[in-house]
Amino acid sequence: MGKLPLEGVRVTTLTVVWAGPFAEMLLADWGAEVIRVESLQRFANSTRGYLPRPSPAYVKAAAVLAAYPNDEAGERPWNRCALFNFHARNKLSCSMDLTRVEGKELFKRLIAKSDVFFENNASGVVDRLGIGYPVLKEINPGLVMVSLPGYGATGPYKSFHGFGYHQEAFTGHTWLRGYPDLDPSNTSVAVHADAAAGANTAYAVMLALIQRRRTGKGQFVDLAQTEVAISHQSDSVLDYTMNGRARGSIGNRHYSAAPCGVYRCQGEDEWVAITVNDDREWAGFCRALSPSTGSTEWTGAERFSSSIGRWNNQDELDKLVEDWTRQRSNYEVMYALQDQGVPAGPVINNQAAFDDPQLKARGQFEETHQEECGTHLTPGLLWRAKNTPNHIRLPAVRLGEHNKYVHKDIIGISDEEYARLEKEGHIGVDLAPHLK
Amino acid sequence: MFEQALSGVKVIDLTHHISGPYCTKMLADYGAEVVKVERPGCGDGARNMGPFMKDGPHPEKSGMFAYLNTNKQGITLDLKSQTGKAILLRLIESADMLVENFSPRVMPSLGLTYERLKEINPRLVMASISNFGQTGPYRDFKASELVLNAMGTEMYSRGISTREPLKLGGNAVQFQAGAVAALATTIAYWQALEGGYGDHLDISIFETQISTIDLRGGSLLGYQYSGRVATRKEPGTNRGYPNDVYMCSDGYAQIGHHALEFFPRVLKMLGHPEELSDPAMGTEAGQMDDDLKGIFEAYFIPWCLERTKLEIFLLGQAANLPVGPINTMEDVTKDPHFEAREFFVDVEHPAMGTVRMPGAPFRMGDNPWKLRWPAPLLGQHNEEVLGPLGYAKEDLVKLREAGVI
C-alpha cells in the first residue's frame with residue numbers, strides 16, 4: 001500500500017482545450033505517467049490560454065476562467081493561464097514538431113514505450129500527420145488508443161469540429177437549460193460535454209487496459225463527445241422516443257417537485273436553491289418556517305397541502321418562498337431547511353467556495369506552488385480512497401518542462417542529438433516568436 | 001471467454017436513483033455481471049421517475065429506470081433482516097466490486113461497514129457515492145439535482161445578470177458523478193488486480209463538481225490568481241462577433257468563438273461579402289468596436305434568418321468555423337449522423353415494448369458495448385442469483401413470505 005494504482009502506466013497524449021486534458025488529469029491524479037506532447041510552432045487555441053502572447057489590455061479583460069496571476073501575462077503566458085493550469089497538475093510536458101519528419105520519428109519512439117495514447121483533435125488530424133492508429137499499432141501492438149473528436153471516427157459529420165458549447169447546442173442540451181421565457185441567446189454557454197467526455201475517455205482507457213491484461217492486445221476506441229453528452233440527457237431522449245415529446249426548458253424547476261427553484265437571499269446577488277420533493281419534505285419546510293406551530297399563514301394553505309397542489313400553484317409559491325429567503329443569508333436558509341430534512345444549498349460562487357465549511361473540512365482545495373505563478377489553492381482530487389491516501393503531487397506543468405526526461409530517458413536520444421533538436425526548434429520551453 | 005472488457009467481473013449493486021445506477025450501468029454495459037439489489041415491494045425509487053412509456057406511470061414502465069439499469073440482474077432483499085443481510089454477505093464474498101449510494105449513515109447502520117466487508121473479501125472494491133461525502137459537516141445533508149448544481153459553483157455564472165442563475169439541463173450533474181464513479185471503481189479494481197488489495201472509495205457528488213473541468217475549474221483558480229468573481233453576463237455585452245446565439249429560419253444556432261483566428265473563417269462562410277470588407281473587423285480592437293459590430297450584424301442577422309440552423313451548421317463546418325445548431329431532442333434522435341453511426345438502440349422490454357435509447361458512449365474495437373438484456377423487473381432474477389447459493393425454490397417461497405425477497 002502507499003503506491004498509487006496507476007503507477008507504471010504511461011499515457012502519451014496530444015490534446016487541446018478541455019475534454020482530453022480532463023481525461024489526462026483523472027489518470028494522472030491516480031498515478032499514471034501522463035506525457036503531454038506539445039508544439040512550439042503551433043498555438044492550440046483555448047488550451048494554454050486564448051492567445052500566445054496577450055496584451056496587458058487583453059489580460060485585464062480576460063474572463064476569470066482565463067485569468068493570469070495578478071492579471072499579468074508574464075514572460076511565458078502559456079505557463080500562467082488559469083484556463084490550463086487548473087487541470088495541468090500531476091502531468092509531464094515535452095515538445096516536438098509533428099509536422100516535420102524528425103518530430104514524427106520522436107513521437108513514434110515515444111509511442112513504442114507507451115501503454116496508452118489519446119487525442120481530441122478533429123477527426124483525421126492525426127491520420128494526416130501520419131500517426132493514426134494503423135501506423136501506431138504496428139509500432140506498438142499493445143497500445144490502447146482513444147480518439148475523442150466531437151462527432152466520432154465515422155459518420156457524415158466525422159470531420160466536423162466545435163468547442164464544447166457548440167456540441168451542447170447540437171446534442172440538445174442548450175435547448176433544455178435556458179430561461180423558459182427568454183430566447184436561448186440569454187442562456188450563456190456551458191461545457192458539460194467536456195467534463196462528460198473526459199471522464200468517459202479515462203474510463204475507456206481503464207477498460208482497455210483491463211482487457212489488455214488478459215489478452216496482451218491493445219485496441220482503438222472511438223469516442224464521439226456528442227454521443228457521451230447525449231447519454232447525460234437520456235431522460236429527455238426517452239421522453240421523445242417514448243412519448244414524442246421534444247422537451248423545452250423548465251429552467252430551475254422540476255417535472256414533479258415543487259417548490260423547486262433558486263431564490264434571492266440577503267446580500268447582493270446571493271441565492272439559495274431549494275427542492276421539496278414530497279409531502280414529508282414539505283412538512284419539514286413548514287416546520288423550518290415556523291418551528292413552534294409547524295405552519296404559517298401561507299404554508300398551511302390548503303392549495304399547498306398536496307404535491308399536485310404545490311406544483312400547480314408554483315408561481316405563487318415561488319414568490320412566497322422568496323419573501324422568506326430574502327430576509328436571510330443563503331447559508332442560513334440551508335442550515336434551517338437541512339435541519340428539517342429539506343434539500344437546500346447556497347448558489348456558491350468561485351470566491352465563496354473557498355470558505356465553504358464542507359470543502360474546508362474535507363480539504364478539497366490543496367495548496368500548490370508553481371514556479372512561474374506562485375502559491376495558490378487548487379481544486380483537488382475528485383474522490384478519496386481509504387487505502388490509498390492521495391494528494392496533488394506536481395503543480396501545473398510548464399511547456400516543455402520534462403523535455404530532458406522524455407527525450408533522453410524514455411526515447412533515448414543522445415546529448416548531441418538533443419542539442420541539435422533544441423537548435424532546430426523541436427525541443428524547447430518557449431513558443432516560437434512568430435506566435436503572437 | 002472474455003468477450004467484453006469487464007466480462008467475469010462481479011459487481012454487487014446497492015444503488016438507487018441516478019448517480020449510482022448510472023455507474024453500475026457503465027460497468028454492466030461493458031460486460032460486468034451486475035447484481036442489483038432492490039428493496040422488496042417498492043424497489044429503486046427511479047422506478048417512479050418519469051418519463052414513463054406512453055405517459056403511463058407504472059413501476060415497470062419508467063424510461064429512466066429502463067435506461068439506467070440495462071444488462072443488470074435484479075434481485076430483492078430486505079437488508080434489515082438477518083437473512084437478507086446474510087445472503088448479501090454471501091454475494092459479497094465472491095464479488096469484485098460493491099457500489100452503493102445510500103445516505104452515508106445507512107451502510108454503518110446495517111452493519112455493512114468497509115471494515116467488516118474487507119474481512120470477508122480483502123480484494124473488494126467498495127465505492128460509496130453520496131451527495132457530500134462520507135465525512136464532514138454536510139455528511140447527512142440532503143440534495144437534489146438543483147442543489148448540487150447550485151453548490152458546484154458554475155451555476156452562479158450561468159445565465160444573465162438581471163436574472164437568477166441557471167442549472168444545467170436534466171440530471172447532468174448526477175450522470176457525471178456516475179461516470180466519475182465508474183472510472184474510480186475501475187481504477188481501484190486495477191489496483192486490486194495488480195496489487196492484490198481492495199479499497200473503499202468516497203465519492204462526493206459535490207466534489208466531483210468542484211473539481212471538474214468546464215467553466216468552474218478555471219474560474220476557481222482564476223479567483224486565486226486575480227481575486228475576481230465569475231458573474232453572469234450582462235445582456236448585450238460585446239464578446240467579439242459572431243460569438244453568440246443567432247436566430248435562423250427554423251430556430252437558433254450557436255455560432256462562432258471569441259478568438260480572432262476565427263473571423264477569416266466567418267468571411268469564408270459568408271462568401272466574402274463587400275459589406276464586410278473593412279479589414280478592421282478582424283482585429284482585436286475592431287472586434288470590440290460596437291459600431292463595427294453593428295455593421296457586421298446588419299449583414300449577418302438577415303443572412304442567418306434566411307437559412308435553417310442545419311444549413312448554417314453545414315456552411316460553417318465547410319469553412320472550418322465552429323457552429324452548433326440548437327437542436328431539440330427530435331432533431332437529435334433523427335439526425336443522419338447518429339443514424340449512420342447507429343447510436344440509438346432499440347431495447348425490447350417485457351413491460352414497455354420497444355424502447356429507443358442512447359447506446360454506446362464509446363466504441364471499443366475488440367470488446368464492444370453490448371445490450372445483453374433490458375433492465376430487470378423487480379426481483380426478476382431472484383431464482384437465478386439465489387439458486388447457486390443453495391436456495392431451492394421452496395426456500396424462495398419462504399423468503400418471500402417472510403418479506404426478505
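Note that the coordinates shown come from a computational prediction; the quantities given were computed from them, not determined experimentally.

Caption draft 1: Region of interest: the domain arrangement of chain B. If you check the domain split of chain B, you get domain 1 (10-213 + 340-401) and domain 2 (244-331). For domain 1 of chain B versus domain 2 of chain B, the distance between C-alpha centres works out to 43 Å.

Caption draft 2: Spatial organisation of the packing of helix 10 (residues 263-270) of chain B against helix 12 (residues 290-305) of chain B. Residue and element names in this part refer to chain B. At a minimum axis separation of 12 Å, helix 10 and helix 12 run at an interaxial angle of 50°. Classified by the angle between their axes, helix 10 and helix 12 sit oblique to one another. In the packing of helix 10 onto helix 12, the handedness of the crossing is left-handed. Where helix 10 approaches helix 12, its residues F263, V266, M269 and L270 are matched on the opposing element by F296, Y299, F300 and W303. Looking at the contact of helix 10 with helix 12 residue by residue, the class counts come to eight nonpolar, no polar and no charged.

Caption draft 3: Geometry of helix 12 (residues 279-289) of chain A. Residues and elements named next belong to chain A. Restricting attention to buried positions, one finds in helix 12 the residues E281, W282, G284, F285, C286, A288 and L289. Its buried side turned inward, helix 12 meets strand 8 (271-275), helix 13 (307-312), helix 14 (314-325) and helix 15 (330-338). Residue D278 occupies the N-cap position of helix 12, its side-chain oxygen lying 3.3 Å from the main-chain nitrogen of R280.

Caption draft 4: Helix 14 of chain A, seen in detail. Residue and element names in this part refer to chain A. Helix length check: helix 14 (12 residues) gives 16 Å between terminal C-alpha atoms against 16 Å at 1.5 Å per residue, within 8%. All of the buried residues along helix 14 are Q314, L317, D318, L320, V321, W324 and T325. The buried residues of helix 14 occupy an angular sector of 165° when projected down its axis, which confines them to one face. Buried residues belonging to helix 14 abut strand 7 (260-264), strand 8, helix 12, helix 13 and helix 15.

Caption draft 5: Structural context of the packing of aromatic side chains. Per the stated rule, a full pass over the model turns up 44 aromatic pairs over all chains. Aromatic pair Y203 of chain A and F362 of chain B: ring centres 6.0 Å apart, planes at 75°, arrangement edge-to-face. In this pair, Y203 of chain A sits in helix 9 (residues 192-215) while F362 of chain B sits in the loop between strand 11 (353-358) and strand 12 (363-364), so the two residues belong to two different chains. Residue classification places Y203 of chain A among the buried positions, given a relative accessible area of 0%. Measuring from centroid to centroid gives 6.3 Å for F338 of chain B and F344 of chain B, while their planes differ by 85°, and the two rings are edge-to-face. F338 of chain B sits in the buried class, given a relative accessible area of 1%. Above the plane of the ring of W190 of chain B lies R213 of chain A, whose end atom (NZ or CZ) is 6.0 Å from the centre.

Caption draft 6: Inspection of the sheet that holds strand 8 of chain A at higher detail. All names here are of chain A. The sheet built from three strands is open, its strands ordered 7-8-9 with antiparallel pairing. Looking at the sheet topology across the chains shown, the edges are occupied by strand 7 and strand 9 (344-346). Neighbouring strand axes in the sheet, compared pairwise and without regard to direction, differ in orientation by 20° on average. One ladder, built from three bridges, connects strand 8 with strand 9; its direction is antiparallel. From the neighbouring strand, I274 faces strand 9, where its bridge partner is A344. Packed on one face of the sheet, helix 14 meets strand 7 and strand 8 and runs near 40° to strand 7. Where helix 15 meets the sheet, it contacts strand 8 and strand 9, and its direction lies at approximately 165° from that of strand 9.

Parameters and conventions
- Residues numbered from 1 in each chain as written.
- Chains lettered and ligands numbered in written order.
- Predicted model: local features only at pLDDT ≥ 70, side-chain atom pairs only at ≥ 80, totals over all residues.
- Heavy atoms only, no water.
- Domains from an automatic or database assignment.
- Axes fitted to C-alpha atoms, helices over the stretch in contact; angles between N-to-C directions.
- Helix = DSSP H or I, 4+ residues; strand = E, 2+ residues; numbered from the N terminus.
- Parallel < 35°, antiparallel > 145°, perpendicular 65-115°, else oblique.
- Left-handed = near helix turned anticlockwise from the far one by under 90°.
- Contact = heavy atoms within 4.5 Å.
- Nonpolar A, V, L, I, M, F, W, Y, C, P; charged D, E, K, R; others polar.
- Buried < 20%, exposed > 50% of the residue type's maximum accessible area, 1.4 Å probe, protein only.
- Polar contact = N/O pair within 3.5 Å; in protein donor to acceptor, adjacent residues only side chain to side chain.
- Expected span 1.5 Å × (residues − 1).
- Arc of directions from axis to C-beta.
- Phe/Tyr/Trp six-rings, centres within 6.5 Å; stacked < 30°, edge-to-face > 60°.
- Lys NZ or Arg CZ within 6 Å of the ring centre and 35° of its normal.
- Pairing = 2+ DSSP bridges.

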